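So the chains spell out like this:
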2 protein chains.
Amino acid sequence: MQTDAAPRPTLADVAARAGVSASTASLAFSGSGPVSDATKARVLAAATELGYAGPDPRARSLRRGRSGIVGVVLEERVRAAFLDPVKIQTLDGISEGIAPLGAGLLLLTDTGEAGGQAVGIESAPVDAVVLIGCSPRLGHSVEVLRRRGIPAVAIEGQTGEDIPEISIDNRNATRRGAEYLRELGHSQVSLVTLPLDAERTRGRLTAELERDSTTAVATERLAGARAVFPDATGLAAAASSIEEGLEAGRALLSDPANRPTAIIAQSDLLAAGVIQAAEELGIAVPRELSVLGFDGIRVDGLQHDLTTLVQPSVAKGRAAGEALVRMLAGEQAVSVAFVSTLHIGDTTAPPRH
Amino acid sequence: MQTDAAPRPTLADVAARAGVSASTASLAFSGSGPVSDATKARVLAAATELGYAGPDPRARSLRRGRSGIVGVVLEERVRAAFLDPVKIQTLDGISEGIAPLGAGLLLLTDTGEAGGQAVGIESAPVDAVVLIGCSPRLGHSVEVLRRRGIPAVAIEGQTGEDIPEISIDNRNATRRGAEYLRELGHSQVSLVTLPLDAERTRGRLTAELERDSTTAVATERLAGARAVFPDATGLAAAASSIEEGLEAGRALLSDPANRPTAIIAQSDLLAAGVIQAAEELGIAVPRELSVLGFDGIRVDGLQHDLTTLVQPSVAKGRAAGEALVRMLAGEQAVSVAFVSTLHIGDTTAPPRH
DNA sequence: GGGCCCACTCGAATCGATTCGGCCTACAAT
DNA sequence: ATTGTAGGCCGAATCGATTCGAGTGGGCCC
């Protein structure tokens, strides 16, 4: 086999073969501009003969100034991010929102300066970026984006800059849920929170841990719960998963003498885990234990209709996408605050006396 | 606010300000090449003063001929793909395998010519591509990639071309699992398969449906099961999910007079759904019903230790990534066939007589 | 038959950075 | 002191396509 010396044909080659100029050939491909049908056909034929696969995206994007790619910055590694249904829904919403752009989604992680010459947020050919979740080191990324003039939107993460934020009323929503529990008569309430710090420390909620919290979502929801139950004890989970909820649930429920009548979980997955723990321990939900979730996702395999704060994850993603579309069109995009609604299912009831 | 007339500074601007040539400034940034420390510092300083955010990725990729992006082609829309843990694991493996490249992952879907001017596989600035799953219209994509000279690897999808495939022994593995069931004494066995055609038709397995099957994975696994239980009845699910498994399970188990003693599911999620259906109907697993899965994922929330064919999803992804790395380095990459192992859990037992 | 307009095509500049060969200078060796 | 050498820096070509203004031919209308 002769070495792959065969240089791939370029638009110029095609044009030459078709007997037209490069500019005409370009027009024939992009469709914009007046080109006679005969000429176009000739160009296309030449392209086929030469095995030309269409304009090089790299050159095209340089010239056009747009790459047709939207970046999504996740704070975790790929696997972790996609284990969370909320993130997936959000991502799906984004892809829906940017559909008019016909752009691809480039996954980027925020994991430090990454290994080696990684294509980080600083050197990715993206037209716009969605930042998901907040991260301490986001500041740097945002600065780079600003300098590059790349439009960005943040979902659930205040950046401190002037980039639009898509969020929900984490604090108020949780407060509403907590108030509902109080109205039912609960006073012995425990909390299971999302990770509070970047290290995802698992363990008891301490004043210290709460103070040093760096993740806005968890902090806000915690504040909402605390507004109603100031002294509730609780645990911080290391992730949003059934597994973590199960573990937290076991810890919170194992001591019969000192058992809460209700548990506020900061995500549906955690809530599902808590319910599973209760079942393991023979504790009836909701008769003996009320459980409140957050998200409003359908937990595959959960038998209950979870009482939870439904947030429109897909809509959030879509709003982010649409905001980007608007920004790319030169308009000014604004922050959007969604509201979550309390869905009352069958996992909450008055406490047993 | 004056219109955004402020043109972003280019490398040339920085060079001018630093009093050096563009070429020198370039070297100062990329680090390759001899540049005195003093000069480099001056360039960097000038860059800071001008708010220069580093070389434009578009121009760089045109010149260098590489974009630092690897495409992942999924056969479904984003949401659907990420509901499947196996896909997620695979994706994670890919990102691990291509780590040496420091490349980003660009999500592409294979959904026809997409809407509008979408950045499809035909016009994405990717250095390499991983094709996940096989799809009838993959042929076209493969052709485009070949013409473009973009290295590609296929995971579980024979392309008919000379691109490397990463796969497992779907047929033999399933056969081994089926044989195990037969050894236990089962003869009344039903099947729950993954979607057999592109339309994801849900319903009874018919000769017709099996013949027209277009998805290799499902077909192979089916063949493996049929090698042991040629006349097993079964259902095709519309997706790999607990929900679908639940539905299929209900259908297969609802008639007490005509109930299988074992069910072979083509994925763990389906198996989990089947088990749930059994529980609903008061059928004990494994005493009254044995269930065999496929994948070896941890189904969040499943109480059982599923008997299943464990496939190394992450390793498959990693192998694909590594193959790409090798191909990009000019080496020839070869297909890799992994083997799955039968994990015997607590969901299979001899049939009750 | 002449003038005008339209439709199509072409040239050339441009997008922004990279890279290779050459050149210059300063220092070292003889 | 002269030549050799190497480190540093610069010029210019190049990557491949797009785009806009200019040019040209033919057809149409009067």
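(A) Fine view of the overall build of chain A. Helix and strand counts for chain A stand at 13 helices and 13 strands. A compact globule built from 353 residues would reach a C-alpha radius of gyration of about 20 Å, whereas chain A, at 26 Å, exceeds it by more than 25%. Here the C-alpha coordinates of chain A stretch approximately 90 × 45 × 40 Å along the principal axes. For chain A, with 353 residues in total, the buried portion stands at 52%. Relative to all contacts within chain A whose residues are 6 or more apart in sequence, the contacts with residues 24 or more apart total 74%. Total accessible area on chain A stands at roughly 15,400 Å², and carbon and sulfur atoms take up 50% of it.

(B) Fine view of the domain arrangement of chain A. Domain annotation for chain A reports domain 1 (11–55), domain 2 (69–168 + 313–338) and domain 3 (170–311). Taking the mean C-alpha position of each, domain 1 of chain A and domain 3 of chain A sit 63 Å from one another.

(C) The arrangement of the packing of aromatic side chains in detail. A complete count under the given rule lists three aromatic pairs over all chains for this structure. Summarising the aromatic geometry, the rings of Phe82 of chain A and Phe82 of chain B are spaced 4.2 Å apart at their centres and angled 10° between planes, so their arrangement reads as stacked. In this pair, Phe82 of chain A is assigned in the loop between helix H5 (78–81) and helix H6 (85–97) and Phe82 of chain B in the loop between helix H5 (78–81) and helix H6 (85–97), connecting two distinct chains. A relative accessible area of 2% means that Phe82 of chain B is categorised as buried. The ring of Phe294 of chain A carries the charged tip of Arg221 of chain A above its face, separated from the ring centre by 3.7 Å.

(D) Quick peek at the interface of chain A and chain B. At the junction of the two partners, chain A supplies 56 residues and chain B supplies 56 residues. Approximately 4,700 Å² of surface area, both sides summed, lies buried where chain A meets chain B, with 55% of it carried by carbon and sulfur atoms. Considering only the side of chain A, the residues that lose the most area to chain B are Arg58, Arg147 and Arg148 of chain A, jointly responsible for 14% of the buried surface there. At the junction of chain A with chain B, the criterion picks out three salt bridges.

(E) The arrangement of the nonpolar core in detail. Of all hydrophobic cores here, the largest spans 56 residues; its most connected members are Phe82 and Leu91 of chain A together with Phe82 and Leu91 of chain B. Each residue touching Phe82 of chain B, except ones within four places of it in the same chain, is listed here: Phe82, Ile88 and Leu91 of chain A together with Leu74, Ile88, Leu91 and Leu107 of chain B. In this structure, Leu184, Ala218, Ala248 and Leu289 of chain A belong to the second largest nonpolar core, which totals 39 residues.

(F) Inspection of the protein's contact with DNA strand D at higher detail. The environment of DNA strand D is made up of 24 residues, and the closest members are Leu11, Tyr52 and Arg63 of chain A together with Thr24 and Thr39 of chain B. Counting only atoms of DNA strand D within 4 Å of the protein, the fraction found in sugar and phosphate groups is 62%. Between Leu11 of chain A and DNA strand D, the recorded distance is 2.3 Å, taken from a backbone N or O atom to a phosphate oxygen. In the model, a phosphate oxygen of DNA strand D is placed 3.4 Å from a nitrogen or oxygen of the Arg60 of chain A side chain. Within the residue set of the surface near DNA strand D, elements represented by two or more residues are helix H1 (11–18), helix H2 (22–30) and helix H4 (57–64) of chain A together with helix H2 (22–30) and helix H4 (57–64) of chain B. Broken down by element, the residue count for the surface near DNA strand D peaks at five residues, all from H4 of chain A. Broken down by class, the residue content of the surface near DNA strand D amounts to ten nonpolar, nine polar and five charged.

(G) Fine view of the packing of helix H8 (residues 170–184) of chain A against helix H10 (residues 216–228) of chain A. Residues and elements named next belong to chain A. With their axes 7 Å apart at the nearest point, H8 and H10 run at an angle of 35° to one another. H8 and H10 meet at a crossing whose hand is right-handed. Touching Asn170, Arg171, Thr174, Arg175, Ala178, Glu179 and Arg182 of H8 are Val217, Glu220, Arg221, Ala223, Gly224, Ala225, Ala227 and Val228, all from H10.

(H) Representation of the protein's contact with DNA strand C within the structure. If you check the shell around DNA strand C, you find 25 residues, and the closest are Thr24 and Thr39 of chain A together with Leu11, Tyr52 and Arg63 of chain B. The separation between a base oxygen of DNA strand C and a polar side-chain atom of Arg63 of chain A is 3.0 Å. Residue Ser26 of chain B places a side-chain N or O atom 2.8 Å away from a phosphate oxygen belonging to DNA strand C. Among the elements of the structure, H2 and H4 of chain A together with helix H1 (11–18), H2 and H4 of chain B are those that each provide at least two residues to the surface near DNA strand C. Examining the composition of the surface near DNA strand C, we find that five residues originate from one element, H4 of chain B, more than from any other.

(I) Seen up close, the relation of the copies chain A and chain B. Rotating chain A by 179° about the axis while translating it 0.1 Å along that axis superimposes it on chain B, leaving an RMSD of 0.2 Å. On the angle and the small slide along the axis, the relation comes out as a two-fold axis. Identified as the residue of chain A closest to the rotation axis by C-alpha distance is Leu106 of chain A, at 2.2 Å. Looking at chain A, 100% of its interface residues are interface residues in chain B too, so the copies touch through the same face.

(J) Quick look at the sheet that holds strand E11 (residues 307–310) of chain B. Residues and elements named next belong to chain B. Strands sit in the order E7-E8-E6-E9-E10-E11-E13 across an open sheet of seven strands; the sheet is mixed. A single partner strand is all that each edge strand has here, and the edge strands are strand E7 (203–204) and strand E13 (341–343). Across four bridges, the pairing between strand E10 (residues 290–295) and E11 is parallel. Paired with Gly293 across the bridge in E11 is Thr308. Packed on one face of the sheet, helix H8 (residues 170–184) meets strand E9 (262–265), E10, E11 and E13 and runs near 160° to E10. Each of strand E6 (189–193), E9, E10 and E11 is contacted by helix H12 (residues 268–280), which is oriented at about 155° to E10, the strand it contacts most.

(K) View of the side chain of Thr347 of chain B. Residue and element names in this part refer to chain B. Tracing the backbone through its elements, the reader meets Thr347 in the segment after E13. Only 2.9 Å separates the side chain of Thr347 from the backbone nitrogen of Thr307, close enough to count as a polar contact. Every residue in contact with Thr347, bar those within four places of it in the chain, is listed here: Ile275, Val285, Pro286, Leu289, Ser290, Val291, His304, Asp305, Leu306 and Thr307.

(L) Molecular detail of the sheet that holds strand E9 (residues 262–265) of chain A. Residues and elements named next belong to chain A. Spatially, the seven strands line up as an open sheet ordered E7-E8-E6-E9-E10-E11-E13, and their pairing is mixed. At either end of the open sheet lies a strand with only one pairing partner, and these are strand E7 (203–204) and strand E13 (341–343). One ladder, built from four bridges, connects strand E6 (residues 189–193) with strand E8 (residues 233–236); its direction is parallel. Opposite Ser190, over in E8, you have Thr233 as the bridge partner. Against the sheet, H8 makes contact with E9, strand E10 (290–295), strand E11 (307–310) and E13, and its axis sits at roughly 160° relative to E10, the strand it touches most. Where helix H11 (residues 242–253) meets the sheet, its contacts fall on E6, E8 and E9, and the angle it forms with E6 comes to roughly 155°.

Conventions we followed
Residues numbered from 1 in each chain as written. Chains lettered and ligands numbered in written order. Predicted model: local features only at pLDDT ≥ 70, side-chain atom pairs only at ≥ 80, totals over all residues. Heavy atoms only, no water. Helix = DSSP H or I, 4+ residues; strand = E, 2+ residues; numbered from the N terminus. Rg over C-alpha atoms; globule rule 2.2 N^0.38 Å. Buried < 20%, exposed > 50% of the residue type's maximum accessible area, 1.4 Å probe, protein only. Contact = heavy atoms within 4.5 Å. Areas by Shrake-Rupley, 256 points an atom, 1.4 Å probe, with all protein chains shown as cover. Domains from an automatic or database assignment. Phe/Tyr/Trp six-rings, centres within 6.5 Å; stacked < 30°, edge-to-face > 60°. Lys NZ or Arg CZ within 6 Å of the ring centre and 35° of its normal. Buried area = accessible area lost by both parts, 1.4 Å probe. Salt bridge = Lys/Arg side-chain N within 4 Å of Asp/Glu carboxyl O. Core = buried A, V, L, I, M, F, W, Y, C linked by side-chain atoms within 4.5 Å. Near = heavy atom within 4 Å. Polar contact = N/O pair within 3.5 Å; in protein donor to acceptor, adjacent residues only side chain to side chain. Nonpolar A, V, L, I, M, F, W, Y, C, P; charged D, E, K, R; others polar. Axes fitted to C-alpha atoms, helices over the stretch in contact; angles between N-to-C directions. Left-handed = near helix turned anticlockwise from the far one by under 90°. Least-squares fit on C-alpha atoms with pLDDT ≥ 70 in both. Pairing = 2+ DSSP bridges.

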